[in-house]
Amino acid sequence: MKRSLIYLSIMCACLSVGARLHAIEMLPTFGDIDHIHLPALLVQHADGDQSLQLRAQDTTYLDHAQYKETVIRTQDIVQPFYVTLHVRQYKEVDITETWYEIRHTEKKPVRLQRFDSGYLPIEGDDPHLLHLHGNWAAEGVPTVERLTRGVKSIRNTDGARNAHLDAPEVMISLDGVPQENYGRVLGAALCWSGNFEIRVAATDEKGFHFYAGIDPMASEYILEPKQTFTTPHLAYTYSTEGMGGVSRAFHRWARNCGMMHNGNATRNILLNSWEGIYFDITEERIIAMMNDIASFGGELFVMDDGWFGSKYPRNNDSSSLGDWVVDTRKLPNGLKALTDAARERHIQFGIWIEPEAVNTTSELFEKHPEWVLQERGRELKLGRGGTQLVLDMTNPKVQDFVFNLVDTLLTNNPEIVYIKWDANASIQNCGSTYLPRDKQSNLYVDYHLGLIKTLERIRAKYPNVTIQNCASGGGRANYGLMPYFDEFWVSDNNDALQRVYIQWGTSYFFPSNAMAQHIGGSPYLMTGRTTPIKFRCDVAMSGRLGMELQPAHMTETERAQCTTAIHDYKALRELIQLGNLYRLVSPYEPVPVVEKQQVASLMYINDNKDHAVLFAYGLSSFMKQASRRIRLAGLDPTRTYTLTERNIRHGEQPCALHGQSFTGAYLMSVGLDIPLSTEYAIDYPSRIFELK
Ligand code: DGJ
């Protein structure tokens, strides 16, 4: 039986025609709740009335192959104002989604002032909130705090991207600090890519009230008569297996239906050109990089920024966005020469675009200055490179432009199998020349609806192209956009040590085959840190493996290690990308590092529990430091597992654990003493073991 949100289904089943929606239990609306509680829905009717008292009209039950859905139609008792509540419960995974459709037939437009996607009362002995707070190049830092009286609000107001700072996914542990493998934890993700607000309110003595939806700042939505506004979906799960249980439910749901249709397929191993050559693209360099990735055993090459621009060549970030034509000074034989070269090397080809953006130095801006977001009569605020602006995705002509750009690229170059879709700007100019003056406050919402509409068109025509969702790294890692994307670039920070942390937080909600993790260069350009190639490979191998460096600068040892890593990854790929994740030791776990080694460890196991892979990373190295035992999880206690060390350090023999067998019970209760530190401290040691 489904554990999550049972009360929602019970309540749905109990609703009779005319029944009050038990306002504070299902959809608290302003005008139907007492003064103590906050509304999830607040509107101003055409005649100025601000009350909403919804009553059920009828309930429909849908039985779909993947889910059951309860649909409750309601109507206000005074105004011709209608809200349809949807509660969808998935059959194969413990996830429930809620959302509302709002419509009216009043004489003039209605102003939606607050329109959350879901509401949930929460009772717990000592509820704690976990949310991901981060920044560019430092995404996904888990922040845990006790919920106290008053209102806690998590918001993001970037406008275009919503996962760099505060992300739209949270967990709430009911009984104290959330634990990894036990305890009652609720997980929620707002499936939206724009501004949001998640609130937990303790306004009465009874418990807590959870709300999540589009952020109301500058976003009063003007709804015309007979127009339907559909709120984003809010996806919930509830687990008694701690944060790990919540993560596994989200991963399974994402693979089945939360991301582009092939969420259950494995991804290719690629080399991306960005951190290797930046804007310095030439045909010769690109083909040399293709030779390299092919020789390592990789399967795909992705040409990043810098390949386009005719009147204005894209030599840095200050020009050319919008001019999506090949720069023939750099690529005299066009993209065809590159796709031919890829085919000849038995690899595939992918390309970078940033479709929603334009530079003021571009032919597009010269032709269509009205297409950029702008506040009438005010100076434009410019972004990246001092010249970047965001196109007005509310405008159907701009939507056509973006669709045609992708369509032309893929029609003219049918061998492009992968697109990296970047978005490097916030909405700084919050105005549209397309939207009427009295609907400027629809912009923050309509931007994303326009983007989604365009992505739907692209996906209808190109369902099989792999599209990476990138926004200066992980700025758009959210379930609002993932239904149109196959994966996302986890962070612009590719420093292997910090990646252990960033990937850790990101894995709370996103599955490993969606997480693009690339072996980077060393010393790493952003942090200056030097890390061994083995550590860089092992860190990248725990997700969708790729490379992002200049192979021409690699040593022979580095090349050999990467070849081994790619070879071994292929053998483990299905397990890593589609297996069930168990996080074992958190890099955030406080330890007295000089005495005890700071470690991070995680594992994936298949559904049959007969095949697993374990990753262990040493994050600190001091002489005579005590090593850490790592206790595994999720295994079958009665089975015996044999360990094989993988991606062995170039020139070394496997460690003493290689070839040894243990029962699942032993591995989970006693654990493994993994040789991460030796008598001589090695910086950034790591090990990977396959268990069969
Ligand atoms: C930001 C992305 O996150 C990088 O990976 C790279 O694609 C650059 N943009 C290119 O301008």
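The rules behind each value
- Residues numbered from 1 in each chain as written.
- Predicted model: local features only at pLDDT ≥ 70, side-chain atom pairs only at ≥ 80, totals over all residues.
- Heavy atoms only, no water.
- Domains from an automatic or database assignment.
- Buried area = accessible area lost by both parts, 1.4 Å probe.
- Salt bridge = Lys/Arg side-chain N within 4 Å of Asp/Glu carboxyl O.
- Polar contact = N/O pair within 3.5 Å; in protein donor to acceptor, adjacent residues only side chain to side chain.
- Helix = DSSP H or I, 4+ residues; strand = E, 2+ residues; numbered from the N terminus.
- Near = heavy atom within 4 Å.
- Areas by Shrake-Rupley, 256 points an atom, 1.4 Å probe, with all protein chains shown as cover.
- Nonpolar A, V, L, I, M, F, W, Y, C, P; charged D, E, K, R; others polar.
- Buried < 20%, exposed > 50% of the residue type's maximum accessible area, 1.4 Å probe, protein only.
- Contact = heavy atoms within 4.5 Å.
- Pairing = 2+ DSSP bridges.
- Axes fitted to C-alpha atoms, helices over the stretch in contact; angles between N-to-C directions.
- Parallel < 35°, antiparallel > 145°, perpendicular 65-115°, else oblique.
- Left-handed = near helix turned anticlockwise from the far one by under 90°.
- Phe/Tyr/Trp six-rings, centres within 6.5 Å; stacked < 30°, edge-to-face > 60°.
- Lys NZ or Arg CZ within 6 Å of the ring centre and 35° of its normal.
- Disulfide = S-S within 2.5 Å.

1. A short note on the domain arrangement of the chain
On domain assignment, one finds that the chain holds domain 1 (5–258) and domain 2 (581–691). Computed over C-alpha atoms, the centres of domain 1 and domain 2 are 39 Å apart. Both sides of the domain 1 and domain 2 interface together cover about 690 Å² of buried area, and 41% of this is carbon and sulfur. Our count for the contact surface shared by domain 1 and domain 2 stands at two salt bridges. Summed over the shared surface of domain 1 and domain 2, the result is four residue pairs in polar contact (both at pLDDT 80 or more). Listing elements by their share of the side of domain 1 that touches domain 2, those giving two or more residues are β8 (141–146) and α2 (242–258). Broken down by element, the side of domain 1 that touches domain 2 gets its largest block of residues, six residues, from α2.

2. Describing the site of the ligand
Every one of the 13 residues lining the ligand counts as a neighbour, but D304, D305, K420, D422 and D492 are closest to it. In the model, a nitrogen atom of the ligand is placed 2.7 Å from a nitrogen or oxygen of the D422 side chain. Contact with the protein chains covers 97% of the free accessible surface of the ligand, which is 290 Å². Here the shell around the ligand is composed, by residue class, of four nonpolar, three polar and six charged.

3. Here we look at the side chain of N162
Structurally, N162 can be placed in the loop between β9 (150–156) and β10 (166–173). Owing to a relative accessible area of 0%, N162 belongs among the buried residues under this scheme. One polar contact links the side chain of N162 to the main-chain carbonyl oxygen of W192, over a distance of 2.7 Å. With residues up to four places along the chain from it excluded, the contact list for N162 reads N156, A167, P168, W192, S193, G194, F196, G475 and N478.

4. A short note on the sheet that holds strand β28 (residues 599–605)
Two modes of strand pairing occur in sheets, parallel and antiparallel, and in both the strands are linked by backbone hydrogen bonds. Judged by pairing direction, the sheet is antiparallel, and its six strands sit side by side in the order β27-β28-β29-β34-β31-β32 without closing on themselves. Only two strands of the sheet have a single partner each, and these edge strands are β27 (580–585) and β32 (661–663). In this sheet, adjacent strand axes meet at a mean angle of 25 degrees when their direction is disregarded. The pairing of strand β29 (residues 612–618) with strand β34 (residues 686–691) spans six bridges and is classified as antiparallel.

5. Looking at the sheet that holds strand β22 (residues 416–421)
Strands sit in the order β17-β18-β19-β22-β23-β24-β25-β26 around a closed barrel of eight strands; the barrel is parallel. The mean inter-strand angle of the sheet, taken between neighbouring strand axes irrespective of direction, is 30 degrees. Here β22 runs beside strand β23 (residues 466–469); their pairing, made up of four bridges, is parallel. When the sheet's bridge partners are listed, I419 is paired in β23 with I467. Helix α7 (residues 396–412) rests against β19 (348–353) and β22 of the sheet, and its axis sits at about 150 degrees to β22.

6. Examining the pairing of β34
When a strand is regular, its side chains alternate between the sheet's two faces. Taken across its six residues, β34 has six buried, putting it largely inside the fold. Alternating residues of β34 divide into S686, I688 and E690 and R687, F689 and L691, and every residue in both groups is buried. In the sheet, strand β31 (residues 640–646) pairs with β34 via four bridges, with the strands oriented antiparallel. If you follow E645 over to β34, its bridge partner there is F689.

7. So, the packing of helix α10 (residues 533–540) against helix α11 (residues 556–578)
When two helices pack together, you describe them by how their axes are tilted relative to each other and by the distance separating the axes. At a closest axis distance of 9 Å, the pairing of α10 and α11 adopts a crossing angle of 25 degrees. Here α10 lies roughly parallel to α11, going by the angle between them. Crossing hand, α10 versus α11: right-handed. Facing I533, K534, R536 and C537 of α10, the residues of α11 in contact are E558, Q561, C562 and A565. For the contact of α10 with α11, the per-class residue count stands at four nonpolar, one polar and three charged.

8. Section: the packing of aromatic side chains
Taken as a whole, this structure holds 27 aromatic pairs when the rule is applied. Both rings, one in Y119 and one in Y211, keep their centres 5.1 Å apart while their planes meet at 55 degrees; by these two values the pair is tilted. Here Y211 lies in strand β13 (residues 208–214) and Y119 lies in strand β6 (residues 110–122), a separation of 92 residues in the sequence. Residue Y119 shares its accessibility class with Y211, and that shared class is buried. With a centroid separation of 5.4 Å and an interplanar angle of 70 degrees, the aromatic rings of F250 and F509 are classed as edge-to-face. Of this pair, F250 sits in helix α2 while F509 is found in the loop between α9 (496–506) and β25 (515–520), placing the two residues 259 residues apart along the sequence. One exposure class covers both F250 and F509, and it is buried. Aromatic ring contacts, followed pair by pair, group F250, W253, Y479, F488, F509 and F510 into a single cluster. Seen from the ring of F208, R149 lies directly overhead, with NZ or CZ sitting 5.2 Å from the centre. Across the ring face of Y582, the terminal group of R248 is positioned such that the distance to the ring centre comes to 3.8 Å.

9. What about the pattern of salt bridges?
When the charged atoms of two side chains with opposite charge come close together, those side chains can pair. Under the criterion given, the structure shown has 44 salt bridges. Taking the shortest distance from any N to any O, the salt bridge between D305 and R314 comes out at 2.8 Å. For the pair formed by D305 and R314, the shared burial category is buried. Across the salt bridge formed by E690 and R646, the nearest N and O atoms sit 2.7 Å from each other. Of this pair, E690 sits in strand β34 while R646 sits in strand β31; the two residues are 44 residues apart in sequence, bridging distant segments of the chain. Side by side, E690 and R646 carry an identical accessibility label, which is buried. Among the charged side chains, a salt-bridge network with shared partners connects R114, D116, E197 and R199.

10. Thoughts on the environment of E220
With respect to the element layout, E220 can be found in the loop between β13 and β14 (221–223). Note on E220: relative accessible area 23%, which makes it partly exposed. In contact with E220, other than residues within four places in its own chain, are R111, L112, Q113, S441 and N442.

11. Section: the state of the cysteines
Applying the stated criterion across every chain, the model contains zero disulfides. Not part of a disulfide, C562 finds its nearest cysteine sulfur in C537, a span of 4.0 Å. A relative accessible area of 0% places C562 in the buried class. In this model C655 remains outside any disulfide bridge; the closest cysteine sulfur is found in C537, 17 Å from its own. The buried category is assigned to C655, whose relative accessible area is 10%.

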